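Spelled out from the first residue to the last, the chains are:
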Amino acid sequence: MNLKLKASAVAVALTFAPGAFAEETATVQEAATMPEVVVKANKLQPLPDVGTVKEQGIASKRASTSDTASMLDGQPGVSLYGAGGVSSLPVIHGLADDRIRTKLDGMDLIASCPNHMNPPLSYVDPSNVDLIKVYAGIAPVSVGGDSIGGTIVVETQAPEFAAAGQGSIAKGEVGAFYRSNNKAKGANVAATFATEKFNVSYSGATSKADNYKAGGDFKNYDFTGRIGHTLPYDEVGSTAYLTRNHTLGFAFKRDNQLFEAKFGLQDMPYQLYPNQRMDMLNNDQKSLNLRYLGQQDWGSLEARAYHETVDHFMDFGADKRYWYGNGAPPTGSGGSTALNGFPCSPISATCAAGMPMYTQGKTTGASVKADVSLNEQDLLRVGGELQQYTLNDWWTASGAMMQPYTFWNINNGKRDRSALFGEWEKRSSPQWMSLVGVRFERVSMNADVVHGYNQDTFPTVVATGANNQIRDAANFNNADRSKTDNNLDLTALARYTADESQDIEFGFAHKVRSPNVYERYTWSTWQMAALMNNFVGDGNGYLGDVNLKPEKANTLSVTLDWHAADSSWGFKATPYYTRVSDYIDAVQWNGTTDLPATTLATNAFSVLKYANQSARLYGIDLSGHMALAESGWGAWGMTGLINYTRGKNLDTGDDLYNIMPLNSKLALTQKVGGWDNRAELVMVQAKKNVSDMRNEIKTPGYSLVHLRGSYSWKQVRVDFGVENLFDKFYYLPTGGAYTGQGTTMTNPALPNYPQWGTAVPGMGRSLYTGLNYKF
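Novice: Account for the sheet that holds strand 8 (residues 107–108), naming residues and giving values.
Specialist: The mixed open sheet is built from five strands, whose spatial order is 3-9-10-7-8. Looking at strand neighbours, the two that pair on one side only are strand 3 (51–53) and strand 8, the edges of this open sheet.

Novice: Tell me what's going on with the nonpolar core, and back it up with residues and numbers.
Specialist: By size, the foremost hydrophobic cluster in this structure holds 58 residues, and its most contacted members are M355, W395, Y453, Y521, M528, M532 and M745. Discounting residues that sit within four places of it in the chain, M528 has contacts with M355, M402, Y453 and M745. With 21 residues, the next largest nonpolar core counts I100, M107, V134 and V154 among its residues.

Novice: Could you give an account of helix 3 (residues 469–478), naming the residues involved and the relevant values?
Specialist: Of all the ten residues making up helix 3, eight are buried; the element is thus mostly covered by neighbouring parts of the structure. Taken together, the buried positions of helix 3 are Q469, I470, R471, D472, A473, A474, F476 and N477. Next to the buried residues of helix 3 lie strand 24 (407–426) and helix 4 (517–521).

Novice: Summarise the pattern of salt bridges; cite the residues concerned and give the values.
Specialist: On inspection of all chains with the given rule, the structure shows 41 salt bridges. Among the ionic pairs, R101 bridges to D108, the shortest N-O distance being 2.5 Å. In this structure, R101 and D108 share a single accessibility class: buried. R708 is the salt-bridge partner of E680, the closest N and O atoms lying 3.2 Å from each other. Here the residue E680 occupies a position in strand 35 (residues 675–684), and R708 occupies one in strand 36 (residues 702–712), the gap between them amounting to 28 residues.

Novice: Can you lay out the sheet that holds strand 5 (residues 89–92) for me, pointing to particular residues and giving the numbers?
Specialist: With antiparallel pairing, the three strands of this open sheet are ordered in space as 4-5-6. The open sheet terminates on both sides in strands that have one partner only, identified here as strand 4 (78–81) and strand 6 (95–96).

Novice: Now, about the side chain of K219: what can you tell me, with residues and values included?
Specialist: The topology assignment puts K219 in the loop between strand 14 (212–213) and strand 15 (235–236). From its side chain, K219 meets the backbone oxygen of E235 in a polar contact 2.7 Å long. A distance of 2.3 Å separates a polar atom in the side chain of K219 from a polar atom in the side chain of Q741.

Novice: Which residues make up unusual backbone geometry, and what values go with them?
Specialist: Glycine aside, a negative phi is what most residues show, and trans is what most peptide bonds show. Cis geometry is found at the peptide bond from S345 to P346, where omega equals -5°. Omega for the bond connecting Y753 with P754 falls within 30 degrees of zero, at 15°, which places this linkage in the cis form. Looking at the element boundaries, P754 is found in the loop between strand 37 (716–723) and strand 38 (766–774). Positive phi outside glycine occurs at H116, with the angle close to 50°. Tracing the backbone shows H116 in the loop between strand 8 and strand 9 (129–136). With a relative accessible area of 2%, H116 lands in the buried category. Residues other than glycine seldom take positive phi values, yet N695 does so here, at roughly 55°. Inspection of the secondary structure assignment puts N695 in the loop between strand 35 and strand 36.

What counts and how
- Counting of residues starts from 1 at the beginning of each chain's written sequence and follows it residue by residue.
- Local features in a predicted model are, by the rule used here, given only for residues with pLDDT of at least 70; side-chain atom pairs are given and counted only at 80 or more, and totals for whole chains, interfaces and linings are based on all residues.
- Where side-chain values are given, they derive from all heavy atoms of the structure, hydrogens and water being excluded.
- One bridge is not enough; two strands pair if DSSP finds at least two bridges between them.
- Secondary structure is summarised from DSSP: a helix means a run of H or I of at least four residues, a strand means a run of E of at least two, and numbering begins at the N terminus for each.
- To define a nonpolar core, start from buried Ala, Val, Leu, Ile, Met, Phe, Trp, Tyr and Cys residues and group those joined through side-chain atoms within 4.5 Å.
- Note on exposure labels: buried denotes an accessible area under 20% of the residue type's maximum, exposed denotes more than 50%, and partly exposed covers the range between, all computed with a 1.4 Å probe on protein chains only.
- Two residues qualify as a contact provided that any one of their heavy atoms is within 4.5 Å of a heavy atom in the partner residue.
- A pair is scored as a salt bridge if a Lys or Arg side-chain nitrogen falls within 4 Å of a carboxyl oxygen belonging to Asp or Glu.
- Any pair of N or O atoms that falls within 3.5 Å is considered a polar contact. Within protein, one atom must be able to donate a hydrogen and the other to accept it, and sequence-neighbouring residues count only if both atoms are side-chain atoms.

Shown next as structure tokens:
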């Protein structure tokens, strides 16, 4: 596998290397000494170089995925943490989740769940995405903030208006898809009516899937913890989902001003998780997004205000044990040695009906940004942002150890941000362009007092009690929970255009991120409670630290970009280096002593506590494309991508968790008439560098072949393909630990499962097709 991957890397480098990059609008004038590059200012590409997924790339992926985050596949430096079927977590250069700023139509949304089951991109269906931008590593301060790993910007369809004298327009589209492996199916519809000044639009989509099957057996047990319900050895439990999304938009245009309002609604009845102890059994989200955009003589002004509410519910889904409690039925469930929990009653110390967990999040934000054209060479961006976030996370009593009162995981948690930024973009000469920016951000956090299942008051006196709930709650309640972080971001970027075929961009960024609410304010050392607080999918339990410091990252990055003047071929190389102080990692924790564990658990799940340490990440992204030939069989081409990242904890010498190993993708493309076809080869090296502290599971290397095709008429598009053509069995390197079936509330002893050591497998062969009709 290593030889194949290294051969692939050499092939891509040799295929795309001999050339140069410049702006597509640049022209070269020959001179006796050195070439002079003349660049049209109104077409100059702004800094930094941004990865984009546009209409064609988006349309080609809608039939094969319902997970918007997976549409980032193929972007240099980007990978994904495995999660639910529509909720993957993007990773940029080894930094993921809240370390990346994700903006959806200008809104900064926050995952309101102890497992981060509802990340921002889960609220938009792929059929409603118009444009995706990826700022990998060094993001300008105007789009960054409260993140250290880059920025992802996702935009839905912009409002369209009738042309002058046209009167009105009415248009829309309908689509549907089917995928064979997990019997996924879905549909989408969109409609627009507009005059020259007014627009009203609606988009809606639904998607449903069963569990998927791996390319072979990966377990030797079939029980799920539920009587009469078993899963085949190759079926990946807890991967089913059902989601529905709706957006209603209004827009009004007057001269050079645009006023826009969007109302969003998500109804997700369930999304099961193969790498979490719990499952999402309901998620209701409502959002209001208001925007003003005005073009002025001096530049442009954009203002936005938004509000979001999330009501989220978790419990054990269909593939996980529901009944718990010692003793024989009917008053007990059979105890911890039973492979399946027996229904019991009444709810008591020997009978628990699931483990209901509720989360409610409220986010209100506002921003204003002005682009001021100082002259033909200088552009000034200034702006400010406000955000208020409130989180409540409570677990109602269900019996056995989880009674008689409500467990308050987070009580009135608050995380409020305010920011000011300034950014100066300058074209010093036809060859040089630079951007410098500074951003100040204040993050204020707090949380109210808590208690466990065994009290209905908020303890402040440390005392013994079941599973240390009274001790842990009292320690938390007595702590200074009010925290304020003053964070400063700095960015400096420059681009030098040597000639029409080569270009270099380089820069430095200092970025700061404050801890999220769960990192600071989860408090229980009890294994069962800690296992429910986990947003990395490794099967372990986590507790927070109220005294965590913000992460501070310094990044150096260079992009060498060569391409032909007509863009018939191109090659990019981006090496990068990031050093993070106060990196939020984790250490194994002894709940009995409430101190770091002196003897580390190995080859087992454990409980860990978040801790500030230091880290280093470095790597390189290589990407390229080239035209091969053009004939009666169409235009043939090739694209290639190689990503390499390495992460190390500098305090412990341990490897960082969930770093994607060396991977590459090669694709042969063909376009002729309405046909657009491609064959893809994906190769991933074995993951051997793993986090020992978290007992991360190693995974072997693999290669996959995908075939994709589409045919487009004026109004109709048909997509079809097969993923994992040879039904290859493989494990997802960043998919986490398999906890998709069985007795997942605890770490059970054999013969019960889940047990440590099984990674989440990838999907076996799957055929898909999609149809889209525009009218």
